[in-house]
Amino acid sequence: MSFLKNLTLFVNDFFLYYIILYGGFLFCSAIIGAMRFYITERKKKYKNEIERDFYLPISIVVPAYNEEVTIISTIDSLLNLDYKLYEIVVVDDGSTDQTLKTLIKHYDLKKIPKVVRRKIHTKKVKEYYEGNLKVKLTVVAKENGGKADALNAGINTANSPYFLTIDADSVLQENSLTELVKPIMEDSTIIATGGVIKLSNGLTFKDGKIVDYHLPKKYLEMIQTLEYDRTFLASRTIFDVFNGNMIVSGAFGLFKKQIVIEAGGYKTNTIGEDMELVIRLHDYAISNKIPYRISYVPEAICYTQAPSKLKDFKRQRKRWHRGLFQSLLSHKNMFLNPKYGLLGTVSFLYYWIYELFAPLTETIGLIFIFISYFLELINFKFMMIYFAIYILFCTIFTITTFFNRVYTTNRFSTKDFIRVIFYSIIENFGFRQLVNWYRLTSFFTTRKNKLNWGKISRTKME
């Protein structure tokens, strides 16, 4: 019994400091994020931003597999970007639905003879199509090889020195590409930039532009809306200060093509190909003593669909967590390695402790708190006050990050604000525990075809 009491006290202390440190980290992130938005607003007010009449040429790579429902909305949004020098490369990865036929018919595409040098090995490319549009649109029809393989085929086809990846169920805000390019115009050492992913659930589009907005009505979609806002303001904002970002979302990321090719392109034997590539770019640049930065641009926004069905949500979260584990494990040599500076210490430590093992840590912590109560090792009143303060902090932080969305869209009603406050509170009871359970069980479950696209049900974006 003495051993159990000592173990329980140790775990309780660890869990207490674990939550305090995480809360402090989120608080610092919120402060840095708020300061960054304030500075950006002042620059716009006093016209202190760099304005140029020339643009970097960009190739937008859109990997697609069975996306007949959303592909047209995505391409329409890309055709209406506030940018003057770009092309669109859609890679159909052997879709079994009408994705390819939908593209050919809608944009009146014609098959063309095309010779492309395969700088990165991919599955066989069958055909190339092009259309007579205001922006050059190329469609690559290839054998199925997975998302990473489709991205590599897009990189091979791209003509520009920089390429942007965007999912086929996503829509870019009109000025997103301009915002992503700005840091590169000011700093030539930047090899990748990533923006903010927000949910399109509840949005109405016309010609690729948002014409109406309301928060999703479904519980699962609404909670994910708040979760996405919180996620992109948290770690990425503070890691950007010391060039320590380890993720540029595959749904919305701009990369320097040559260094990606030199690093070997996207790996086809991993689930989290986007995170793995970014970590490998860090490793490649540092090992080869190449001056570089990987930048986070919160002013650039991409809208994507969140799962509306619980089974799709479960599949997505398990897949994400397995991808995180694969990425960290494949680059374990960087963990706490002084060669990689704060990236190898702060960033890796955060992702190991507060992302990968967070579900396990929080589950064990909660179990031992209840054990402590029954062993009379903890003051019940203190425990309830502590949990109440923690939940209050999480609620305030979620509401704060939502106001960032107001800053970027200004399309909300009073009813939406009330719903945000309500859902910011109730997500602490049920949703967070469910996500933790999915992430925790991802360690112990395997799936056939685990490197496939991991599709979820889509709805047409009007």
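Structural data are supplied above this passage.
Residues numbered from 1 in each chain as written. Predicted model: local features only at pLDDT ≥ 70, side-chain atom pairs only at ≥ 80, totals over all residues. Heavy atoms only, no water.

> Before we go on, may I ask you to explain the overall build of the protein chain in this structure?
When helices and strands are tallied, the protein chain shows 15 helices and twelve strands. For the protein chain, the proportion of its 462 residues judged to be buried stands at 53%. Taking the contacts inside the protein chain whose residues are at least 6 apart along the sequence as the reference set, 80% of them involve residues at least 24 apart. Accessible surface, the protein chain as shown: approximately 21600 Å² in total, 60% of it carbon and sulfur. (Helix = DSSP H or I, 4+ residues; strand = E, 2+ residues; numbered from the N terminus. Buried < 20%, exposed > 50% of the residue type's maximum accessible area, 1.4 Å probe, protein only. Contact = heavy atoms within 4.5 Å. Areas by Shrake-Rupley, 256 points an atom, 1.4 Å probe, with all protein chains shown as cover.)

> What should I look at first to understand a nonpolar patch on the surface in this one?
A contiguous nonpolar patch, built from L366, F370, Y373, F374, F380 and M384 and spanning about 640 Å² of accessible area, is present on the exposed surface. Residue assignment for the nonpolar patch shows that the elements contributing at least two residues are helix 12 (358-374) and helix 13 (380-409). It is helix 12 that contributes the most residues to the nonpolar patch, four residues altogether. Tracing the chain through its elements places F380 in helix 13. Judged by relative accessible area, which is 44%, F380 ranks as partly exposed. (Patch = residues over 30% accessible without salt bridge, like charges linked within 9 Å, V, L, I, M, F, W, Y side chains within 5 Å. Salt bridge = Lys/Arg side-chain N within 4 Å of Asp/Glu carboxyl O.)

> Would you take a moment to explain the packing of aromatic side chains for this structure?
What characterises a pair of aromatic rings is the spacing of the ring centres plus the angle enclosed by the ring planes. Under the counting rule described, the total for this entry stands at 23 aromatic pairs. On the basis of an interplanar angle of 45° and a centroid distance of 6.0 Å, the ring pair of Y219 and Y423 is categorised as tilted. Note that Y219 is positioned in helix 6 (residues 219-233) and Y423 in helix 14 (residues 414-426), a separation of 204 residues in sequence. Judged by relative accessible area, Y219 falls into the partly exposed class, the value being 37%. According to the relative accessible area criterion, Y423 is buried, its value standing at 12%. Among the aromatic side chains, those forming a connected cluster through ring pairs are F14, Y18, Y22, F25, F239, F242, Y350, Y351 and Y354. (Phe/Tyr/Trp six-rings, centres within 6.5 Å; stacked < 30°, edge-to-face > 60°.)

> How should I be thinking about the sheet that holds strand 8 (residues 190-199) in this particular structure?
Strand pairing in a sheet relies on backbone hydrogen bonds, with the paired strands running either antiparallel or parallel. What the ten strands build is an open sheet, ordered 3-4-5-2-1-6-11-8-12-7; its pairing is mixed. Of all strands in the sheet, those with a lone pairing partner are strand 3 (110-112) and strand 7 (170-172), marking the two edges. Strand-to-strand, the axes of this sheet are offset by a mean angle of 30°, without reference to chain direction. Both strand 1 (residues 58-64) and strand 6 (residues 162-166) contribute to a ladder of four bridges, which runs parallel. (Pairing = 2+ DSSP bridges. Axes fitted to C-alpha atoms, helices over the stretch in contact; angles between N-to-C directions.)

> Sorry if this is basic, but what is going on with the pattern of salt bridges here?
When their charged atoms lie close together, side chains carrying opposite charge are able to pair. With the rule as written, the count across this model stands at 17 salt bridges. With a shortest N-O distance of 2.8 Å, D167 and K147 are connected by a salt bridge. Of the two residues, D167 is situated in the loop between strand 6 and strand 7 and K147 in helix 4 (residues 147-157); the sequence distance between them amounts to 20 residues. By relative accessible area, which is 18% here, K147 ends up buried. In this structure, R293 engages D240 in a salt bridge whose closest nitrogen and oxygen atoms are separated by 3.5 Å. Placement of the pair is R293 in strand 12 (residues 293-304) and D240 in the loop between helix 7 (235-239) and strand 11 (252-256), with a sequence separation of 53 residues. Residue classification places R293 among the partly exposed positions, given a relative accessible area of 23%. What you see here is one network of salt bridges that share partners, running through D93, K142 and D149.

> It is not clear to me how helix 2 (residues 71-79) should be interpreted in this structure. Could you clarify?
An α-helical turn contains 3.6 residues, so any two residues separated by three or four positions project in the same direction. Most of helix 2 is tucked away, with eight of its nine residues classed as buried. The set of residues buried in helix 2 consists of I71, I72, S73, T74, I75, S77, L78 and L79. Buried-residue contacts for helix 2 involve strand 1, strand 2 (86-93), helix 3 (99-107), strand 5 (137-142), strand 6 and strand 7.

Interpretation in functional terms is not warranted from these geometric data alone.
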